[in-house]
Amino acid sequence: MAKMKALVCRECGKEYPTKAIHVCELCFGPLEVKYNYDEIKKGISRHKIESGPHSMWRYIDLLPVEGAATVGPHAGFTPMVRAHNLGAYLGLNELYIKNDTVNHPTLSFKDRVVAVALTRARELGFGTVACASTGNLANSVAAHAAAAGLQCYVFIPGDLEAAKVLGNLIYRPNVVEVEGNYDDVNRLCSEIAAEHGWAFVNINIRPYYAEGSKTLAFETVEQLGWRAPDHAVVPMASGSLLTKIWKGLNEMLMLGLVEEVRTKVNGAQAEGCSPIATAYREGRDFFKPVKPKTIAKSLAIGNPADGYYALKATAESGGAMDMVSDEEVVEGIKLLAQTEGIFAETAGGVTVGVLRKLVKQGIIKRSDLTVAYITGNGLKTQEAVIDAVGRPVRIQPSLVSFERTFKMGKNGGGAA
Amino acid sequence: MASLRFHIRFPEDKIKEPIIYQIGHEYKVVTNVRRADVRETTGWMDVELTGETAEIERAVEGLRKKGVLVDPIELNVVE
């Protein structure tokens, strides 16, 4: 029996075949993958997982593909870093950083979701894949498509800064610059996906694409020695990542791979784009769309598709949500770099900033086993910190100048 | 003929207005509400508009002019 049972509407429960569809024809609710857990349970075990490939595909039994991984075979299984220094600074005894800044091949967690989406798109017979993106997603789709020999289209707003697309052009995708703003590209791509049946990874392939995020939960549990953390701190853009981490933890519990899950799943946003965290703060079960204005561009989704479900997952888990200013984002990036040697993009600054707040508020306690999800590499958003990192120490090319600057005697030591 | 699906949101001051009815009369589109949540201070609807593509686009513009927010059914897909 196949491990995928159907696509199922998250609202009305109507089931559909596992094709390239994403919206319920009946109620227009979003679809997600329903699995044959009884069947999966027969074949899965900790030992089998541990014997699998050194990538996220060691959890293939819980991913929505029928055959083997044909795209992105090296994605995932990134380091789980015991953050002694940052933990000591914040007052946490057991803090870990799930470090997706070194994900393969494009240094963000998007490599997980794209590997699943493109493997599935190929299984469904697509030779062309597409996405609408202003950053990390375009990067990952273009790179994976190049390696897999798939045609690739990336749609971007015409008002996007040129530098944002240069990283994509190296992979030679077809970059389509739409004369308009974010909202115009958003609407157009939705219509193209609806009318022309292209494999848009985050539109009609989204039910499969989103499942790739579960691997962050699976890896967390395995890398912690088959334990679930007490707290997870997760950055939120569409809200999908948080909901899938929660789903992944519960799948592991259901399949007996972990004894208990008491994890509180906490969401992090930047103040300049915080529709979900604001709804949480105001005690609402719905969010109000916003126009993003933050340096955390990779989280700048003002009308998030999974916002409602993220609120629900956080409530179910007993977690919290919070937000940080752009200044706190930069402080968070610096703090992580200077304590753990990990350079995160702005989303990482959001996560660290909110982690700091949750500890200060007493929501996360000293003894809590805590995992912070760092989802992208700082080299992608260097402009955010360029004015906050100081300047090099300038000296003359002479030993005297060097020793004077560093106040150094013959036996070494000293400082600038 | 095309059928496109939208998520529309009503600000508080527009909740009492029969906007869906008006759009069906002012433009050559068939409106079909599939899911909705209308409360005292806010409201949203998932709606399908069927008609010629250009007419649907005019109807969407008409909705916006009436003060409601119109998004694709998927909300934001640019990531």
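Residues numbered from 1 in each chain as written. Chains lettered and ligands numbered in written order. Predicted model: local features only at pLDDT ≥ 70, side-chain atom pairs only at ≥ 80, totals over all residues.

**Re the packing of helix α4 (residues 110-123) of chain A against helix α5 (residues 136-148) of chain A**
Residues and elements named next belong to chain A.
Thought 1: It is the contact of α4 with α5, at a shortest axis distance of 9 Å, that shows an interaxial angle of 45°. The pairing of α4 with α5 is recorded here as oblique in orientation. The handedness of the crossing between α4 and α5 is right-handed. Every residue of α5 that contacts α4 at Lys110, Asp111, Val114, Ala115 and Leu118 is listed here: Asn136, Leu137, Ser140, Val141, His144, Ala145 and Ala148.
Thought 2: The residue makeup of the contact of α4 with α5, split by class, is 7 nonpolar, 3 polar and 2 charged. (Axes fitted to C-alpha atoms, helices over the stretch in contact; angles between N-to-C directions. Helix = DSSP H or I, 4+ residues; strand = E, 2+ residues; numbered from the N terminus. Parallel < 35°, antiparallel > 145°, perpendicular 65-115°, else oblique. Left-handed = near helix turned anticlockwise from the far one by under 90°. Contact = placed C-beta atoms within 7 Å. Nonpolar A, V, L, I, M, F, W, Y, C, P; charged D, E, K, R; others polar.)

**Some thoughts on α4 of chain A**
Residues and elements named next belong to chain A.
Thought 1: In a regular helix each residue adds 1.5 Å, so 14 residues correspond to 20 Å; α4 covers 20 Å between its end C-alpha atoms and thus fits that length.
Thought 2: In terms of burial, α4 is a largely internal element, 12 of the 14 residues being buried.
Thought 3: All of the buried residues along α4 are Lys110, Asp111, Arg112, Val113, Val114, Ala115, Val116, Ala117, Leu118, Thr119, Arg120 and Ala121.
Thought 4: Looking at the buried residues of α4, the elements they touch are β6 (128-132), α5, β9 (199-200), α8 (206-209) and α9 (214-223).
Thought 5: Of the residues trailing α4, Gly125 is marked for its positive phi of about 95°. (Expected span 1.5 Å × (residues − 1). Buried ≥ 20, exposed ≤ 12 C-beta atoms within 10 Å, placed from the backbone.)

**Thoughts on the interface of chain A and chain B**
Thought 1: Every contact between the two is made by 28 residues of chain A and, on the other side, 17 residues of chain B.
Thought 2: Counting residues per element, the side of chain A that touches chain B draws most heavily on helix α7 (residues 182-196) of chain A, at 9 residues.
Thought 3: Class assignment of the residues belonging to the side of chain A that touches chain B gives a composition of 15 nonpolar, 9 polar and 4 charged.

**Notes on the pairing of strand β3 (residues 43-51) of chain B**
Residue and element names in this part refer to chain B.
Thought 1: As paired strands, strand β1 (residues 2-10) and β3 are joined by 9 bridges and run antiparallel to one another. When the sheet's bridge partners are listed, Phe6 is paired in β3 with Val47.
Thought 2: By the bridge criterion, 8 bridges tie strand β2 (residues 30-38) to β3 in an arrangement that is antiparallel. Across the sheet, residue Val38 finds its bridge partner in β3, namely Gly43.
Thought 3: The turn linking β2 back onto β3 is made up of 4 residues. (Pairing = 2+ DSSP bridges.)

**Some words on the domain arrangement of chain A**
Residue and element names in this part refer to chain A.
Thought 1: According to the domain assignment, chain A contains domain 1 (4-62), domain 2 (80-107 + 213-384) and domain 3 (125-204).
Thought 2: Between domain 2 and domain 3, the residue contacts involve 5 residues of the former and 6 residues of the latter.
Thought 3: In terms of residue class, the side of domain 2 that touches domain 3 is built from 1 nonpolar, 3 polar and 1 charged. (Domains from an automatic or database assignment.)

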